[in-house]
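Understanding the architecture of this molecule
The chain contents come next:
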Amino acid sequence: MENRCGRVALLGPPNAGKSTLLNALLGQKVTIVTPKPQTTRTQIVGILSEENSQAIFLDTPGLAQVRGRLSKTMNMAIWESLRQADLLMPVLDGQIYVRHLEQVAEDLGPLMQALIEDTRPVIIVVNKIDLFADKSLLLPLFDMLHKDLPRAELFPVSALEKDGIPKLRELVAQALPIAPREYPLDQLSTQPERFLVAELIREKLFLYLHQEVPYNLAVDIENWEECAATGQIVINGLIYVTKPMYKAMIIGHGGSMLKKIGSEARQEIQTLLGRKVHLELWVKVRDHWYEDPAFLRDLGLVAEDM
Ligand SMILES: Nc1nc2c(ncn2[C@@H]2O[C@H](COP(=O)(O)OP(=O)(O)OP(=O)(O)O)[C@@H](O)[C@H]2O)c(=O)[nH]1
Ligand SMILES: [Mg+2]
């Protein structure tokens, strides 16, 4: 049997479950997930290798408006992923559109237009079907999507409950072009481990901080060392914020917030690395960090070829 290999762009509105879906497809966490929109900030690569296929998934930021240069690089990550893809995979939050069909055009207009003008294969994933019992509610949405884009496959899943995931893996593999594998069988991502560690810290910050605070912070790994005496990996993470007020909120009363975030992040980092980890977090004010292209590049928020 010939090998199939290609890039699959996960695209769609914020919070649709693109990152949850990618982790479910891979059976491992390569990208962070939170209930807040605009969690993903750049293109994240997740590689699914099977006996006769290799799907290179591109997770992307949600299609929406954010401010400044970070928003530019986020948008670039979306359109760049769209350009690179062999297979286009919009992900929609089914629960929203079964109730508000008219919102599809509002949220997805430009993306649907781009897909209509394109000839590449499309699988539209309608996610979060665990949230409603009556699956016939999906029919008007499916009808409309089919009318707009007859060549698209429509596929309902629950990424959270892994419902439909094995079948979706098969469908993706079949839609890829015939081509040799690009990455070794055991490679899961192209992002360095350091980046994923910073992301796991950011995930906990997103979970515990509210309003505008998560959107005004960035995480960088300053130092990463193996301690020969204890066998631990010592990691120093630096959390950048735009205002002293946010620094105080992240640290919390007597350091309690930062302690909780550090302890939860450390547990996940230990699972990822399979090693004992000593994690130290510091918070630093750096005004307008999101406007500094060199800094965004250092943080890994601008992909090499962007
Ligand atoms: N009930 C339910 N919730 C889901 C499902 N998939 C994702 N979620 C939840 O939806 C929220 C957003 O998930 P993400 O995977 O971060 O969404 P995203 O599309 O990557 O979001 P951005 O990165 O912000 O664009 C999280 O709270 C997930 O747990 C699903 O199938 N069912
Ligand atoms: Mg995401």
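Along each chain, numbering runs from 1 in the same order as the chain's sequence is written. Numbering of ligands from 1 and lettering of chains from A proceed in the order in which they are written. It should be noted that, the model being predicted, local features are given only for residues of pLDDT at least 70 and side-chain atom pairs only at 80 or more, the latter also being counted only at that level, while totals for whole chains, interfaces and linings use all residues. Where side-chain values are given, they derive from all heavy atoms of the structure, hydrogens and water being excluded.

Here we look at the coordination of the magnesium ion (ligand 2)
Note the threshold: Note that water is not among the atoms considered, so a metal site may appear incomplete; the donors listed are N, O and S atoms within 2.8 Å of the metal, with 3.2 Å applied to Na, K and Ca. Put simply, DSSP H or I for four residues or longer makes a helix, DSSP E for two residues or longer makes a strand, and each gets a number counted from the N terminus. Accessibility here uses a 1.4 Å probe with only protein chains present; expressed as a share of the type maximum, an area under 20% marks a residue as buried, one over 50% as exposed, and anything in between as partly exposed.
For the magnesium ion (ligand 2), the full set of protein donor atoms is Ser-19 (OG) and Thr-40 (OG1), and the range of their distances to it is 2.0 to 2.1 Å. In this pair, Ser-19 sits in helix H1 (residues 18-26) while Thr-40 sits in the loop between H1 and strand S2 (44-50), placing the two residues 21 residues apart along the sequence. Since its relative accessible area comes to 7%, Thr-40 is described here as buried.

Remarks on the packing of aromatic side chains
Formally: Two aromatic rings from Phe, Tyr or Trp, using only the six-membered ring of Trp, form a pair when their centres are within 6.5 Å; if the ring planes differ by under 30 degrees the pair is stacked, by over 60 it is edge-to-face, and anything between is tilted. Counted as over-ring charges are cases with an Arg CZ or a Lys NZ within 6 Å of the ring centre that also lie within 35 degrees of the ring normal.
Evaluated as defined, the whole model comprises four aromatic pairs. Centroid distance Tyr-240 to Phe-295: 4.9 Å. Interplanar angle 80°. Geometry classified as edge-to-face. On the criterion of sequence distance, the pair formed by Tyr-240 in strand S8 (residues 233-241) and Phe-295 in helix H10 (residues 293-298) is long-range, its members being 55 residues apart. Judged by centre distance (6.3 Å) and plane angle (70°), the ring pair of Trp-289 and Phe-295 falls under edge-to-face. Three or more aromatic residues joined by ring pairs make a cluster, and in this case those are Tyr-240, Trp-289, Tyr-290 and Phe-295. The ring of Phe-132 carries the charged tip of Lys-135 above its face, separated from the ring centre by 5.6 Å. Just above the ring of Tyr-240 sits the side chain of Arg-286; from NZ or CZ to the centre is 5.9 Å.

A word on the sheet that holds strand S7 (residues 217-226)
What counts, and what does not: Only strands that DSSP links by at least two bridges are regarded as paired with each other. Helix axes are fitted to C-alpha atoms over the stretch in contact, other axes to C-alpha atoms as well, and angles between N-to-C directions run from 0 to 180 degrees. Should any heavy atoms of two residues lie within 4.5 Å, those residues are counted as being in contact.
Within the open sheet, the three strands sit side by side as S7-S8-S9. Their pairing is mixed. Both outer strands of the open sheet, S7 and strand S9 (277-285), are each paired with one neighbouring strand and no more. Averaged over all pairs of adjacent strands, the angle between their axes in this sheet comes to 20°, without regard to strand direction. Across nine bridges, the pairing between S8 and S9 is parallel. In the sheet register, Gly-237 faces S9, and the bridge partner there is Leu-281. Each of S7, S8 and S9 is contacted by helix H7 (residues 193-208), which is oriented at about 130° to S7, the strand it contacts most. Strand contacts of helix H9 (residues 256-273): S7, S8 and S9, with the helix running at about 135° to S9, the strand carrying the most contacts.

Quick look at the nonpolar core
We count it as follows: Residue types Ala, Val, Leu, Ile, Met, Phe, Trp, Tyr and Cys, when buried and joined through side-chain atoms within 4.5 Å, form a set referred to as a nonpolar core.
Judged by nonpolar contacts, the single largest core of 27 residues is most densely connected at Ile-201, Leu-205, Ile-235, Ile-239, Ile-250 and Ile-269. Contributions of two or more residues to this core are made by H7, S7, S8, helix H8 (244-251), H9 and S9. Here this core takes six residues from H9, the largest share from any one element.

A few points about the domain arrangement of the protein
Our working definition: These domain boundaries are the output of an automatic or database domain assignment. For any pair of parts, buried area is found by adding up, for both, the accessible area (1.4 Å probe) each one loses once the two are put together. When a carboxyl oxygen of Asp or Glu is within 4 Å of a side-chain nitrogen of Lys or Arg, the pair counts as a salt bridge. N or O atoms within 3.5 Å of each other form a polar contact, as long as, within protein, one can give a hydrogen and the other can take it, and as long as residues adjacent in sequence are counted only when both atoms are side-chain atoms.
Structurally, the protein comprises domain 1 (4-175) and domain 2 (193-298). Using C-alpha coordinates to define each centre, domain 1 is positioned 28 Å away from domain 2. Taken together, the contacts link 18 residues of domain 1 with 21 residues of domain 2. Buried surface at the junction of domain 1 and domain 2, both sides included, amounts to about 1,700 Å², of which 56% is carbon and sulfur. The largest share of the area that domain 1 buries against domain 2 comes from Ile-32, Lys-36 and Arg-41, three residues that together contribute 36% of it. Among the salt bridges present, the one from Glu-203 reaches Lys-29, with a minimum N-O distance of 2.7 Å. Our count for the domain 1 to domain 2 interface comes out at 11 residue pairs in polar contact (both at pLDDT 80 or more). When residues in the side of domain 1 that touches domain 2 are grouped by element, the largest group, four residues, is from helix H2 (residues 68-84).

Here we look at the sheet that holds strand S4 (residues 87-93)
Two modes of strand pairing occur in sheets, parallel and antiparallel, and in both the strands are linked by backbone hydrogen bonds. Sheet architecture is open: six strands sit in the order S2-S3-S1-S4-S5-S6, paired in mixed fashion. Each end of this open sheet is capped by a strand with a single partner; those strands are S2 and strand S6 (153-156). Sheet twist, expressed as the mean angle between neighbouring strand axes with direction ignored, is 25°. In terms of strand pairing, S2 meets strand S3 (residues 53-59) through seven bridges, oriented antiparallel. Note that in S3 the partner of Gly-46 across the bridge is Phe-57. Contacts between H2 and the sheet are confined to strand S1 (4-11), S3 and S4, with S1 contributing the most and set at about 150° to the helix. Packing of helix H4 (residues 103-116) onto the sheet brings it into contact with S1, S4 and strand S5 (123-127), and relative to S4 it is tilted by some 155°.

Some details on the packing of H4 against helix H5 (residues 139-148)
Our working definition: If you view the pair so one helix is near and one far, a crossing is left-handed when the near helix is turned anticlockwise from the far one by less than a right angle, and right-handed when it is turned clockwise. Classes in brief: Ala, Val, Leu, Ile, Met, Phe, Trp, Tyr, Cys and Pro nonpolar; Asp, Glu, Lys and Arg charged; the others, Gly included, polar.
Where H4 contacts H5, the axes come no closer than 11 Å and their chain directions differ by 35°. Between H4 and H5 lies a crossing whose hand is right-handed. Residues Val-104, Met-112 and Ile-116 of H4 touch H5, and the partners they reach there are Leu-141, Met-144, Leu-145 and Asp-148. Tallied by class, residues from the contact of H4 with H5 come to six nonpolar, no polar and one charged.

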